[in-house]
Amino acid sequence: MSTPRRRPSPAVYRRRRLVAVLLLLLVVAAVVLAIWQPWRAAAADAGRAPGPSPSAPSSTIPAPSMQTPTESPTDAAPEEATENDATGDAEPAPDASATPIPACTTGDISVLAVTDKDVYGSGELPQLTITLSNTSDEPCLINVGTAKQSFVITSGSDTWWRSTDCQTESSDQVVQLAAGQTVSSVTPLAWDRTRSSTETCDSTSRPQAPAGYFHLQVSIGGIVGADTRVFQLR
C-alpha cells in the first residue's frame with residue numbers, strides 16, 4: 001500500500017504566488033524600459049542647445065523732439081510737438097547672425113502725409129502724422145528714428161515750417177517691415193501755425209500763418225512721400 005503524497009501547506013502556495021507576481025512585474029518593467037528608454041531622452045535634452053527667444057515686435061515710431069518756445073507768464077505759447085507712436089507690428093532689426101534682410105528702397109515703401117482735418121478753424125492746430133507701408137513681397141529694413149524723419153509745411157513756393165528747424169534730439173531706430181505691413185502714427189505732431197527758423201526756436205512771437213491753403217510734405221528713412229497733403233487754415 002502506497003503512502004499518500006502530502007499536499008503543500010498554504011504558506012508554500014502564498015510564497016509561490018508572490019514569486020510569480022514579482023517575476024511578472026520584472027518582465028513588465030523590462031518591456032516598459034525597452035520602449036521608453038528615458039536615458040536617450042535625457043541625453044537628447046542635454047545635447048540640445050537652447051535656441052534664441054524671438055524678440056518682441058516693436059510698434060513705436062519716435063517723433064522729433066522739438067525745442068519749445070519760452071513761455072511768458074501771461075501768454076503761454078502753444079506746445080509745438082508731442083511724442084509720436086505708431087500702430088502696427090514693425091519688428092526690431094534682426095541680429096547679424098540671422099539671414100540678411102535688405103534695406104527698404106523707394107520701390108518697396110509707400111510714405112503718406114496725413115492730417116487730422118481738411119480745414120482748420122481759427123486757433124485749431126493741424127495734427128501731422130505719417131503712414132508707412134511696405135508694398136513689396138519681401139520684408140525690408142528701414143530707419144524710422146527721429147534722425148530720419150522730416151515734416152515740411154509750404155504755401156506755394158514759401159516754406160513755412162520744418163520739423164528739423166528746432167529739433168533738439170535725434171536718434172536712429174532701424175526696424176523690419178514685413179511684406180504688406182502698414183505702420184501709422186498714433187500720437188501726432190502739432191504745428192502751432194507759426195513760421196519756423198533755426199534762429200527763432202525760443203521766440204514766442206514768431207510770425208503767424210495767414211488763412212489759406214498749405215501743403216504737408218513728409219519723409220522717413222530717406223524716402224519722401226510721393227504726394228503732399230493739402231489742408232486749409234481759416
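Here is what the cut-offs are and how they apply
- Residues numbered from 1 in each chain as written.
- Predicted model: local features only at pLDDT ≥ 70, side-chain atom pairs only at ≥ 80, totals over all residues.
- Heavy atoms only, no water.
- Salt bridge = Lys/Arg side-chain N within 4 Å of Asp/Glu carboxyl O.
- Helix = DSSP H or I, 4+ residues; strand = E, 2+ residues; numbered from the N terminus.
- Buried < 20%, exposed > 50% of the residue type's maximum accessible area, 1.4 Å probe, protein only.
- Phe/Tyr/Trp six-rings, centres within 6.5 Å; stacked < 30°, edge-to-face > 60°.
- Disulfide = S-S within 2.5 Å.
- pLDDT = per-residue confidence, 0-100.
- Contact = heavy atoms within 4.5 Å.
- Pairing = 2+ DSSP bridges.
- Patch = residues over 30% accessible without salt bridge, like charges linked within 9 Å, V, L, I, M, F, W, Y side chains within 5 Å.
- Areas by Shrake-Rupley, 256 points an atom, 1.4 Å probe, with all protein chains shown as cover.

### Let's talk about the pattern of salt bridges
Applying the stated criterion to the full structure yields four salt bridges. Across the salt bridge formed by D118 and R229, the nearest N and O atoms sit 2.4 Å from each other. Placement of D118 in the loop between β4 (109–115) and β5 (119–120) and of R229 in strand β16 (residues 229–233) is noted, with a sequence separation of 111 residues between them. According to the relative accessible area criterion, D118 is partly exposed, its value standing at 47%.

### Considering the packing of aromatic side chains
Applying the stated criterion to the full structure yields five aromatic pairs. Pairing Y120 with F231 gives two aromatic rings, centres 5.8 Å apart and planes at 90°, and the pair type is edge-to-face. Of the two residues, Y120 sits in strand β5 while F231 sits in strand β16, which places them 111 residues apart along the sequence. Just as Y120 is buried, F231 falls in that class too.

### Topic: the state of the cysteines
For the coordinates displayed, the defined rule picks out two disulfides. Across the disulfide, C104 is cross-linked to C140 (sulfur-sulfur distance 2.0 Å). Across the disulfide from C104 to C140, rotation about the S-S bond amounts to roughly 90°, and the bridge is consequently right-handed. Highlighted residues: C104 in the loop between β3 (91–92) and β4 and C140 in strand β7 (residues 140–143), separated in sequence by 36 residues. The two residues C104 and C140 agree in class, both being buried. In this model C166 forms its disulfide with C201; the gap between the sulfur atoms is 2.0 Å. Taking the torsion about the S-S bond as the criterion, the C166 to C201 disulfide, at about -95°, is left-handed. On the criterion of sequence distance, the pair formed by C166 in the loop between β9 (158–162) and β10 (167–169) and C201 in the loop between β13 (189–190) and β14 (212–220) is long-range, its members being 35 residues apart.

### So, the confidence of the model for the protein chain
With 64% of its residues at a pLDDT of at least 70, the protein chain reaches an overall mean of 78. In the model, residues 41–60 has pLDDT below 50 throughout and makes 19 contacts with residues more than four positions away in sequence or in other chains. Predicted confidence for residues 70–87 stays below pLDDT 50, and this span has 55 contacts to residues more than four positions away or in other chains.

### Topic: the pairing of strand β6 (residues 127–134)
The buried fraction of β6 amounts to seven of the eight residues, a majority that puts the element mostly inside the structure. Bridge analysis of β4 against β6 gives seven bridges, and the strand direction is antiparallel. From the neighbouring strand, I109 faces β6, where its bridge partner is N134. The sheet contact formed by β6 and strand β12 (residues 182–185) spans three bridges and is antiparallel. Looking at the pairing, S133 lines up with T182 of β12.

### Section: a nonpolar patch on the surface
Taken together, L18, V21, L22 and L25 make up a surface patch of nonpolar side chains, about 380 Å² in accessible area. Turning to its location among the elements, L22 is positioned in helix α1 (residues 10–36).

### Things to note about unusual backbone geometry
Of all residues except glycine, most have a negative phi; of all peptide bonds, most are trans. The backbone of R193 sits at a positive phi, close to 65°, despite the residue not being glycine. Position of R193 among the secondary structure elements: in the loop between β13 and β14.

### A word on the environment of E138
Take E138: it is sitting in the loop between β6 and β7. A relative accessible area of 53% means that E138 is categorised as exposed. Considering only alpha carbons, one finds E138 and A179, 41 residues apart in sequence, at a separation of 4.8 Å. When neighbours within four sequence positions are excluded, E138 is seen to be in contact with L177 and A179.

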